[in-house]
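Listed here are the chains, written in short residue letters.
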Amino acid sequence: MALLKQLQPYFPSIHHTVVEPCEEFVSHYKLHSILENVQYDWQLKTFQQYMQDQEYTSNSRKFDFISAVNSLYYTGNLKETIRFLIDRLTESGYLLVIVCSEKGAGYRIIANFPELHPAFKPSYFISSKTVSEAIAEMGVTAKVNSLRTNVDFSGVFDENDADGDAILDLFTGIMDYRRTAPEALVERVLKFLRQESTPDSESGEINFMDHPVCVEWDTILVEKSYKQYLTT
Ligand SMILES: C[S@@+](CC[C@H](N)C(=O)[O-])C[C@H]1O[C@@H](n2cnc3c(N)ncnc32)[C@H](O)[C@@H]1O
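Topic: the sheet that holds strand β6 (residues 212–223)
Two strands in a sheet stick together by hydrogen bonds in their backbones, pointing the same way (parallel) or opposite ways (antiparallel). Spatially, the four strands line up as an open sheet ordered β3-β4-β6-β5, and their pairing is mixed. Two strands in the sheet have a free side with no partner beyond their single neighbour: β3 (63–69) and β5 (142–152). With direction set aside, neighbouring strand axes in the sheet form an average angle of 15°. Alignment of strand β4 (residues 89–100) against β6, held across seven bridges, turns out to be antiparallel. Looking at β6, one finds that V99 is bridged to D218. Helix α6 (residues 128–137) contacts β4, β5 and β6 of the sheet and is inclined by roughly 15° relative to β6.

Structure below.
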């Protein structure tokens with residue numbers, strides 16, 4: 001909704017297509033984020049299904065602005081997805097992608113512990129670097145900016161801390177991680193996170209956290225211009 005509000009001054013009427021497979025999230029969105037002068041097109045499906053449906057639509061819609069915020073991890077073939085998204089931009093359209101940076105703990109924990117998600121293939125590990133490379137391969141330039149922040153992981157090291165449990169679940173991608181994962185793996189992940197946390201004296205920064213861990217996402221902005229766009 002915040003993004004839509006930013007766009008409203010430039011576009012008096014907006015057509016907004018939402019691709020989201022989770023019914024609960026869509027209901028929540030409908031309940032809290034409906035704006036005036038916005039026409040909504042709810043696509044309750046995965047992005048893969050949406051792409052497939054569009055293939056069979058002769059008159060595909062083009063978009064002035066497309067955002068994919070922390071969602072490209074789930075959309076299957078990255079290069080195919082990126083090509084599809086850029087193809088769907090109008091000539092002066094923008095694509096905004098937000099994904100984790102390979103420098104932050106979010107990516108590093110998954111990359112260091114493939115046993116957390118044994119079904120993942122190495123190609124699944126999508127980061128700002130892999131997305132930027134896929135965009136560059138299309139002959140398109142992108143601007144990358146880092147959103148870097150420290151999160152206090154102190155609660156993670158206290159097994160009675162509910163916030164710590166929630167952080168662990170978020171960063172491992174596993175519900176109730178502390179209680180459901182094998183004990184030895186929990187210990188190894190905690191050791192890794194302890195090493196990741198940088199006390200003030202090492203980082204040179206003043207922060208008031210016992211266990212600050214760097215999390216980093218990158219915003220990748222593509223401004224489509226047919227001059228730089230290779231159609232190969
Ligand atoms: C980490 S959340 C990000 C949500 C939102 N963009 C945000 O930043 O708050 C990932 C979202 O991707 C959705 N998702 C999962 N698999 C997907 C798929 N195959 N195609 C499209 N969206 C998917 C999830 O339901 C979830 O809403």
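A short note on the site of the ligand
Taken together, E20, P21, C22, F25, T46, F47, Q48, V69, N70, S71 and Y74 make up all the residues around the ligand. V69 has a polar backbone atom sitting 2.8 Å from a nitrogen atom of the ligand. The protein chains hide 62% of the 590 Å² of surface that the ligand would expose on its own. For the shell around the ligand, a count of residues per class yields six nonpolar, four polar and one charged.

Brief notes about the pairing of β6
The element β6 is extensively covered by neighbouring structure, given that nine of its 12 residues are classed as buried. Where β5 lies against β6, 11 bridges are found, and the strand directions are antiparallel. Counterpart to V151 in the pairing with β6 is V213.

Brief notes about the environment of C214
Looking at where C214 falls in the secondary structure, it is placed in strand β6. A residue is classified by how much of its surface remains accessible, and C214, at 14% relative accessible area, is buried. For C214 and A166, which are 48 residues apart along the polypeptide, the C-alpha to C-alpha distance reads 17 Å. With near-sequence residues (within four places) excluded, C214 lies in contact with G104, A105, R148, T149 and N150.

Concerning the packing of aromatic side chains
In this structure the tally under the stated criterion is eight aromatic pairs. Among the aromatic side chains, those forming a connected cluster through ring pairs are Y29, Y40 and W42. The ring of F157 is capped by R194, whose NZ or CZ atom sits 4.4 Å from the centre of that ring.

Digging into the pattern of salt bridges
Per the counting criterion, the structure on display carries 10 salt bridges. Note that R108 is salt-bridged to E196, the shortest N-O span being 2.4 Å. Note that R108 is positioned in helix α5 (residues 105–112) and E196 in helix α9 (residues 183–196), a separation of 88 residues in sequence. The partner of E115 in a salt bridge is R188, with the nearest N and O atoms 2.9 Å apart. Here E115, found in the loop between α5 and α6, pairs with R188, found in helix α9; they are 73 residues apart in sequence, far enough to count as distant. Residue classification places E115 among the partly exposed positions, given a relative accessible area of 34%.

Overview of the nonpolar core
L72, I82, I109, V131, V189 and L193 are the most contacted members of the largest nonpolar core, which has 49 residues in total. A per-element tally of this core places α9 first, with six residues. Counting residues in each nonpolar core, the second largest holds eight residues, with L4, L7, I14 and V38 among its members.

So, the packing of α5 against α9
Between α5 and α9, the least distance of the axes is 11 Å, while the angle of their chain directions is 145°. α5 and α9 meet at a crossing whose hand is right-handed. Packed against α5, whose contacting residues are A105, R108, I109 and N112, the element α9 presents V189, F192, L193 and E196 at the interface.

Basis of the calculations
Residues numbered from 1 in each chain as written. Predicted model: local features only at pLDDT ≥ 70, side-chain atom pairs only at ≥ 80, totals over all residues. Heavy atoms only, no water. Pairing = 2+ DSSP bridges. Helix = DSSP H or I, 4+ residues; strand = E, 2+ residues; numbered from the N terminus. Axes fitted to C-alpha atoms, helices over the stretch in contact; angles between N-to-C directions. Contact = heavy atoms within 4.5 Å. Near = heavy atom within 4 Å. Polar contact = N/O pair within 3.5 Å; in protein donor to acceptor, adjacent residues only side chain to side chain. Areas by Shrake-Rupley, 256 points an atom, 1.4 Å probe, with all protein chains shown as cover. Nonpolar A, V, L, I, M, F, W, Y, C, P; charged D, E, K, R; others polar. Buried < 20%, exposed > 50% of the residue type's maximum accessible area, 1.4 Å probe, protein only. Phe/Tyr/Trp six-rings, centres within 6.5 Å; stacked < 30°, edge-to-face > 60°. Lys NZ or Arg CZ within 6 Å of the ring centre and 35° of its normal. Salt bridge = Lys/Arg side-chain N within 4 Å of Asp/Glu carboxyl O. Core = buried A, V, L, I, M, F, W, Y, C linked by side-chain atoms within 4.5 Å. Left-handed = near helix turned anticlockwise from the far one by under 90°.

No statement about biological role is implied by the geometric values presented.
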